[in-house]
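# Chain and residue survey
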Amino acid sequence: MRRRLLICGSLVAISVTALFALQATFREFPNLEDDHIPVPPDAYERTEWAFTRLMYPSGRHASVFGAIGSWPTDYPKADRQFVQGVRRLTRIHTRSSEQVVDLDTDEIFNWPWLYAVEVGHWSLTDAECAKMREYLLRGGFFMCDDFHGRDEWAVFLESIQRVFPDRPIVEIDNQDSIFHVLYDLGERVQVPGIQYWYTGRIWEKDGKTPHWRAIYDDDGRVMVAICFNQDNGDAWEWADHPRYPERYASQAYRMGINYIIYAMTH
Amino acid sequence: MFEFLFKYPGAVFEKGHFVLLGGWPFWIFALGVIAAAALLLWHVRRHRGPLTGARPLVIWLLETAMIALLLFLLWHPAISIATLRPQQNVVAVLVDDSRSMAIQEGGQTRSSQAARVLDRKLLSALGQKFQVRLYRFGSQPERIQKTAQLTASEPATRLGDSLEQVLAESSTLPLGAVVLLSDGADNSGGIGLDTISQIRQRRIPVHTIGFGREKPGKDIEIVEAVLPAHSLADSRLSALVTFRQYGYAGQKALLSVRDAGKVVASREVQLRADGVPQSEPLLFNAGLAGPKTLEISVDPLPGEENRDNNSVRRVLDVETRKPRILYMEGEPRWEFKFIRRAAEDDRSLQLCSLLRTTQYRIYRQGFTDEHELADGFPSKPEELFAFDGLIIGSVEANYFTQTQQDLIREFANRRGGGILFLGGRFALAEGGYSHSPLAELLPVRIPETKGTFHRDFSSEELTPQGRASLICRLVEDPERNAARWAKMPQVANYNDVGDPKPGAVDLMDVLPAGRHRMPMLVTENYGRGRTAVFATSGSWRWRMWQDHTDTTHATFWQQLMRYLVSDSPGLVSGSTPRAVLPDETKVLLRAEVRDKAFKAVPNAVVEAHISAPDGSSSSVELTPVPSEEGAYTAEWNAEKPGSYVAEIVAGRDKEELGRDVVIFRREDGVAENFHTAQNRELLKKLADETGGRYYSASDAGRLPDEISYSEAGITTRETKDLWDMPAVFLLALLLRGSEWVLRRRWGVV
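Because the structure is a prediction, the values reported are computed rather than measured.

## What to know about the overall build of chain A
Of regular secondary structure, chain A possesses 7 helices and 7 strands. In chain A, the succession of α and β elements from N to C terminus is α-β-α-β-β-α-β-α-β-α-β-β-α-α. By the burial criterion, 50% of the 266 residues in chain A qualify as buried. Taking contacts inside chain A between residues at least 6 apart in sequence as the whole, the part at least 24 apart equals 75%.

## Things to note about the domain arrangement of chain B
Residue and element names in this part refer to chain B. By the assigned domains, chain B splits into domain 1 (2–83 + 718–746), domain 2 (86–214 + 677–713), domain 3 (222–319), domain 4 (324–565) and domain 5 (572–669). If you average the C-alpha positions of domain 3 and of domain 5, the two centres end up 27 Å apart. At the junction of the two partners, domain 3 supplies 7 residues and domain 5 supplies 10 residues. At the level of elements, β16 (290–298) and β17 (311–319) are the ones that each hand at least two residues to the side of domain 3 that touches domain 5.

## Structural notes on the nonpolar core
Of all hydrophobic cores here, the largest spans 147 residues; its most connected members are Ala116 and Ile260 of chain A together with Ile325 of chain B. With 11 residues, the single largest contributor to this core is helix α7 (residues 246–263) of chain A. Setting aside residues no more than four positions away along its own chain, Ile260 of chain A makes contact with Trp49, Val86, Ile92 and Trp113 of chain A.

## Details of the pairing of strand β14 (residues 262–270) of chain B
Of the pairings in the sheet, the one linking strand β13 (residues 252–259) of chain B to β14 of chain B comprises 8 bridges and is antiparallel in character. From the neighbouring strand, Lys252 of chain B faces β14 of chain B, where its bridge partner is Gln270 of chain B.

## A word on helix α4 (residues 149–163) of chain A
Residues and elements named next belong to chain A. In this model α4 runs 21 Å from its N-terminal to its C-terminal C-alpha over 15 residues, within 8% of the 21 Å that 1.5 Å per residue would give. Within the sequence span of α4, burial applies to Glu152, Trp153, Val155, Phe156, Ser159, Ile160 and Val163. Buried positions along α4 lie against α3 (126–138), β4 (141–147) and β7 (222–228).

## Quick word on helix α3 (residues 26–46) of chain B
Spanning 21 residues, α3 of chain B covers 31 Å between terminal C-alpha atoms, matching the ideal 30 Å at 1.5 Å per step. Burial analysis of α3 of chain B places just 1 of its 21 residues in the buried class, which makes it a mostly uncovered element.

## What about the interface of chain B and chain A?
Contacts between chain B and chain A engage 24 residues on the former and 20 residues on the latter. Where the side of chain B that touches chain A is concerned, the elements lending two or more residues are α8 (334–344), β19 (350–356), β20 (362–365) and α14 (541–544) of chain B. Tallied by class, the residues present in the side of chain B that touches chain A amount to 8 nonpolar, 5 polar and 11 charged.

Basis of the calculations
- Residues numbered from 1 in each chain as written.
- Chains lettered and ligands numbered in written order.
- Predicted model: local features only at pLDDT ≥ 70, side-chain atom pairs only at ≥ 80, totals over all residues.
- Helix = DSSP H or I, 4+ residues; strand = E, 2+ residues; numbered from the N terminus.
- Buried ≥ 20, exposed ≤ 12 C-beta atoms within 10 Å, placed from the backbone.
- Contact = placed C-beta atoms within 7 Å.
- Domains from an automatic or database assignment.
- Core = buried A, V, L, I, M, F, W, Y, C linked by C-beta atoms within 7 Å.
- Pairing = 2+ DSSP bridges.
- Expected span 1.5 Å × (residues − 1).
- Nonpolar A, V, L, I, M, F, W, Y, C, P; charged D, E, K, R; others polar.

Right, here's the structure in full:
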């Protein structure tokens, strides 16, 4: 019963989002996580940048997360907590609330920075792949995060290779300006998810080695920044928790901010 | 008829002055007239008989006028006039011998018409009274003995120069008058005021005889083609082509620009009324770097009489330099990213940016020297003036020190750079610009209040000036360009910037929903440079909301940035007033020399190294212009036709200050193809200004009689009686006859 309500609520929310897409204002979606996060009082402020979360379909990979899929993982606490850091640490005019967009409308073109979590469970349609490709070629930037091990990598590839069948996915060189645009992140560590509390392991599944990979455009600019075998989303979400190590949260914040500023400068 | 009535030619009355030869004072004449009038009034009143009303008064008026006329004749009226003494004066006869005189009209060339006028009567009539010196002239006069020596083959006509030379040559002779036979088709742009003044000082009348039709039958002629002397590679340029046509009104013609024979742009235009100058812009791409000779032409139409005046050549220096623009941005934002991308796609620009990412950090991009401006926005002129353009984004005015604000103003004023102010939440009125020296630089009067930045999606629209502007030209055809802009996505935000200042040009307006339209893109010239405001930071939506293959966003920004820097001078700035020399050899080279702070350098050594068309080279030193600090000029002779490249190098104390390139071209055999109709206006003006008269070929026979009246040369003053003019007799007859007729009608005879 609860699941049905969630699905119906999501559908209503999606419809409302589509209706107001041109207005590009904040809309709240059901919170699947346990924590309760209040809507900030200035959530509707019009700003230059907002944390834009991609609402994607999970298709046959949705079983773990239920029908709504994996896109709202860590939502909305990670989003709202991270933007507080962006506000405090940079001069970017930042909205206190996130913006959720999908690939079924053109609203995505109002948000040139895009984040998706758990892309090891996504399943884009061909139309969505085409929209994503067009978005990136026009100058959009896509950061994906929180997927681990060979199986999830394979699922990720299944969609992203339909977005860019002929562009290689490569490791980002430590000298790339994306690691230095604000913070020097030539030296990096693997950022674990919340499971670190229970297991003491910083890796998940068989993803023991973190990778910072990318798909570049023809001019050598990162279009897709792939955070593989790491969980920056959890680090943002639990940065305020005493059990989550500060050094991982700090790197996640710095990495996220670097990716935003890179997207706004390259 | 005039001469029959008044006994003398009109020239006598024009040039002489009226005198009364009678010995009695004039007041006696006036007194006599009054006394006669009074006496007649008494007489008419007393003997009016049956006359009533105004009739006695009419009779009195006629009789008084008759008495006044008779008294006037008693005072012996006459004209005093200076007359050339026979056989003691020289008359110079100049015959235009340029190629335009070979044009056939009515079965004869203009030259043979002139020869006929001279041989039939003029030369012999003049020869009876004066010593006649016969010249032919084109660029300069040459003495000839007979009209058979006329060839009508000189490549150019220089009326002013030729007159000056004849006057100089005859400075020791009693030159009484000049007779000029020409079609007035001068190739030097007219006769200089100095020449006219010199002629007037010597009181030499220049009588002109015009040949040729004043309007051609069927012809299109390019009057002028104006395009910039310099350009950046791959720039969109506009050639303003002015032409005039006769006989083709309403028809269509094709304008073209050719580079090395290849058409780089063409446009069909509809021809307006006969004889009316018509100007049309023609857009083309400058192409790759290097000196270019462009041919601007209008395709010949069927039946055109003269096809040689359908094209002109112009030179263009497509520069190899890569202008640098400094972009100071106060906060990360999407506009910054997409402006950078547009600049990076332009091989002819270098965009160096300073971005405040955090309160204390600045992210530098686009610099080739890792130490340049490492401390942020420059505070020294030589650091800022090393750039050609400046973009100021969302930066508060008080972020800049007073020194930096003064420097920004001098960047446009003294350095001659272009400054673009962008909209944003810390920009313009929001950034406190209205109370800073930056307000003076803006082409708009910004509001003094805040709350002028709005994050509302808004449409934009070109103004009429914007439709014609190269900055906003996405498509060459103006109508299609306007239609293209009408389909552009909305901008994401805008600033209310108030109204444009006088002299500023509003190119684009923003149309916010529910509010009045307001300027968005405004430009103006400031000092030696130029400034612009683009009151939004939301044009990035033109990129994100159009297909990834669409280039309109990049094109617009590249054109806007090129506008900022295209005319920014270097430390040495070379120029020439005439880059194309039609049948001319003298070229004037000019250079302005400045130091790194762009202050004029008065003590530089400036030299031009000139490469000729045949590969040979020579040098000429440019000397300082006394009244203009930092300016240097030199005159040089282009010996051979073709294109020349002059590299001007300036130095001081063994240090090179800078260099610049000037291109010019000598063209032979083209000048006489243009302005082939008779320039009656010029010939008449020359005659009027010098005290001469204009004659057509048919009434030139009057000239020998009228030419004698001149103040120049050796003259004698003659007094010519007026009392025996037939007009006086007729006037007396009229007065008496009128009285007699009236008296008969009124029955008092």
